[in-house]
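Secondary and tertiary structure notes
So the chains spell out like this:
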Amino acid sequence: MSKAYVTLLTNESYLPGALTLAQKLKTELKTKHKLVILIDSSALSTESIDLIKQVYDVAIAIDDDLINAPLDKLVQRLGRSELSITFTKVLLWNLTDYDTLIYLDSDTLPLADLDHLFEEYKDLTAEQIAASPDAGWPDIFNSGVLVLKPDADVFSKLLEFTTVDNNTFDGADQGLLNEFFNVASAGKNWVRLPYVYNVTPNYSGAYQYLPALHRFFSSIKLLHYIGQTKPWHAEDILGTDFDNLHHYWWGDFNKFYAKDATLKAKLLSIPKGEAYNLNFAKYSNQWDADKDAGAKFHIALEKDTPAQPPLFPWEHKEERTPTRVFESHAPAVEESSGVPKSKVEDDLRESIETLSNVNVSKDEGVKSPPLSQSYGFGKQSKGFNPDKSLAEVAKLPLKFLSKNKNKGEEK
Ligand code: UDP
Ligand code: GLC
Ligand code: MN
């Protein structure tokens, strides 16, 4: 019985992801296991299928077996109709030629060897699933990285489970698989993988525990680019969000596919998929608001991006006509371009220079960028020198300080 990595690809819009994932596992991380892909071949060009076959060992056509999730619920809960086909992940349990599978979404990028997981989870039962906690609700697992045991009996139970709309709380596979393996057994059938096996960094502006990201950066095994905007949608990191770590994906994609400029251009001209442009009234997930939420870095750069509605009351910023007008100090204009130079742009360029020096090397592991520069932590204005300022404070007459102190105590 064998083991394999497997991913899902139902159309061209995730092709750059699926190809980069496989290249990374095979040519760089040198996995000793087979790479399997479930494809809807009717939605892929022959050229794309050829590219897939160059790197995947087994391509399984699932054209007639796609399983659809309840679209209304999905649109209402997640607002991402393109995920309705993700119920198809249930087919993984039908791949009974394999005794253990590591399923990876095609928007994942392993940074380190994952083969040891097969050994570590060899005693998993077919009723269990191993997965990392979801960063947005850690009592639930994220279904982008799964270790599982295919099994005919579990497959038929799961298939039956998909027929009841209420069995998924997000309208897609994550809600379904959690109900089945996690909620129904009160957590007993979910085996927790550490978060480093499924780090979801593109939470721009949303809650992310940055000190931990920084502390454990070098231990990250896999990045998972959740959300509607995938790395291959924009190469220009100035135009995408800053803390999303897309440049790791780009580094690898370019390594594998940039030598052939025509091929690269073709892969990147693939449309994002019809669903991408549909605008539904929906519960919005923070990670989908990323164009706006990274405002601190976008102000000067994405002037054309329409503003997103505020999520919290304190985010309302009313535009008011000024009642008093101060003398203006025109911003410095760069001579060559005539474009005003803003401090935000300066800071961003400086931070990006830092990031572009970050690289992934097999021997040294992943190097984290300095927290203060890459994540906007602890940034101090250039004119501020803490030592000097302390010295200045120390020179203040003692009386002056104690007077203020007494004042404070009187209150
Ligand atoms: N997928 C696909 N075609 C689609 C949508 C999704 O093949 O149109 C597959 C792909 O492997 C993808 C996975 O389903 O990685 C789950 O979707 P996605 O990664 O976009 O979900 P997210 O992780 O952003 O929630
Ligand atoms: C999650 C998972 C993804 C899944 C989606 C819908 O964000 O990353 O794999 O398809 O939710 O349930
Ligand atoms: Mn994903």
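In this report, the structure presented in the accompanying data block is examined. These numbers come from a predicted model, not from an experiment.

A word on the coordination of the manganese ion (ligand 3)
Six octahedral donors around a metal ideally sit at 90 or 180 degrees from one another, while four tetrahedral donors ideally sit at 109.5 degrees. Taken together, the protein ligands of the manganese ion (ligand 3) are D105 (OD), D107 (OD), D107 (OD) and H224 (NE2), with distances of 2.2 to 2.3 Å. Around the manganese ion (ligand 3) sit six donor atoms; with metal-centred angles ranging over 57 to 173 degrees, the donor geometry is irregular. One chain supplies every donor to the manganese ion (ligand 3), and in sequence these donors are spaced D-x1-D-x116-H. With D107 in the loop between β4 (98-104) and β5 (108-110) and H224 in strand β11 (residues 222-224), the pair connects residues that are 117 residues apart, well separated along the chain.

What to know about helix α5 (residues 152-161)
Helical periodicity: at 3.6 residues per turn, an α-helix aligns residues three or four positions apart in one direction. For α5, the full list of buried residues reads V154, F155, L158 and F161. Down the axis of α5, the sector holding all buried residues measures 120 degrees, keeping them to one side. More than 90 degrees from the buried face of α5, the exposed residues found are A152 and E160. Where α5 is buried, its residues touch α6 (173-183). At the N-terminal end of α5, a side-chain oxygen is found 3.1 Å from the backbone nitrogen of D153, two or three residues along, and the residue is D151.

A closer look at the pairing of strand β3 (residues 58-61)
Successive side chains on a regular strand alternate, one facing one side of the sheet and the next facing the other. With four bridges joining them, strand β2 (residues 34-39) and β3 adopt parallel strand pairing. Looking across to β3, one finds that V36 is bridged to V58.

A word on the nonpolar core
By size, the foremost hydrophobic cluster in this structure holds 52 residues, and its most contacted members are I52, Y56, L104 and L267. In this structure Y56 touches T7, A18, L21, A22, L35, V36 and I37, once residues within four positions along its chain are discounted. A4, A69, L91 and V154 belong to the second largest nonpolar core, which has 33 residues in total.

Comments concerning the site of ligand 1
The environment of ligand 1 is formed by 18 residues, the closest being L8, T10, N11, Y14 and K230. A distance of 2.9 Å separates an oxygen atom of ligand 1 from a polar side-chain atom of S106. A distance of 2.8 Å separates an oxygen atom of ligand 1 from a polar atom in the backbone of G227. When the free accessible area of ligand 1 is taken as 510 Å², the share hidden by the protein chains comes to 93%. Taken together, the residues of the shell around ligand 1 sort by class into seven nonpolar, six polar and five charged.

Some details on the packing of aromatic side chains
Tallying each qualifying case throughout the model produces twelve aromatic pairs. Relative to F118, the ring of Y5 lies with its centre 5.3 Å away and its plane at 80 degrees, an arrangement referred to as edge-to-face. Of the two residues, Y5 sits in strand β1 (residues 2-9) while F118 sits in helix α4 (residues 116-120), which places them 113 residues apart along the sequence. In this structure, Y5 and F118 share a single accessibility class: buried. One aromatic cluster is present, formed by Y14, W232, W249, W250, F253 and Y257 through successive ring pairs.

A look at the site of ligand 2
Contacts to ligand 2 come from 14 residues, most closely from K89, D105, D170, D173 and Q174. Between an oxygen atom of ligand 2 and a side-chain N or O atom of D170, the distance comes to 2.8 Å. Between ligand 2 and Q174, the relevant distance is 2.9 Å, taken from an oxygen atom to a main-chain nitrogen or oxygen of the residue. When ligand 2 is considered free in solution it has 310 Å² of accessible area, and contact with the protein chains removes 93% of it. Of the residues that constitute the shell around ligand 2, the class distribution is four nonpolar, six polar and four charged.

Quick word on the environment of N198
Tracing the chain through its elements places N198 in the loop between β10 (190-192) and α7 (210-215). Look at N198 and you get buried, because its relative accessible area is 0%. Spatially, the C-alpha atom of N198 lies 5.4 Å from that of L222, the residues being 24 residues apart in sequence. When sequence neighbours within four positions are dropped, the list of residues in contact with N198 reads S132, N142, G144, V145, L222 and H224. A distance of 3.0 Å separates polar atoms of two side chains, one belonging to N198 and the other to N142.

Parameters and conventions
- Residues numbered from 1 in each chain as written.
- Chains lettered and ligands numbered in written order.
- Predicted model: local features only at pLDDT ≥ 70, side-chain atom pairs only at ≥ 80, totals over all residues.
- Heavy atoms only, no water.
- Donors = N, O, S within 2.8 Å, 3.2 Å for Na, K, Ca; no water.
- Tetrahedral: all angles 85-135°; square planar, octahedral: opposite > 155°, others 65-115°.
- Helix = DSSP H or I, 4+ residues; strand = E, 2+ residues; numbered from the N terminus.
- Buried < 20%, exposed > 50% of the residue type's maximum accessible area, 1.4 Å probe, protein only.
- Arc of directions from axis to C-beta.
- Contact = heavy atoms within 4.5 Å.
- Polar contact = N/O pair within 3.5 Å; in protein donor to acceptor, adjacent residues only side chain to side chain.
- Pairing = 2+ DSSP bridges.
- Core = buried A, V, L, I, M, F, W, Y, C linked by side-chain atoms within 4.5 Å.
- Near = heavy atom within 4 Å.
- Areas by Shrake-Rupley, 256 points an atom, 1.4 Å probe, with all protein chains shown as cover.
- Nonpolar A, V, L, I, M, F, W, Y, C, P; charged D, E, K, R; others polar.
- Phe/Tyr/Trp six-rings, centres within 6.5 Å; stacked < 30°, edge-to-face > 60°.

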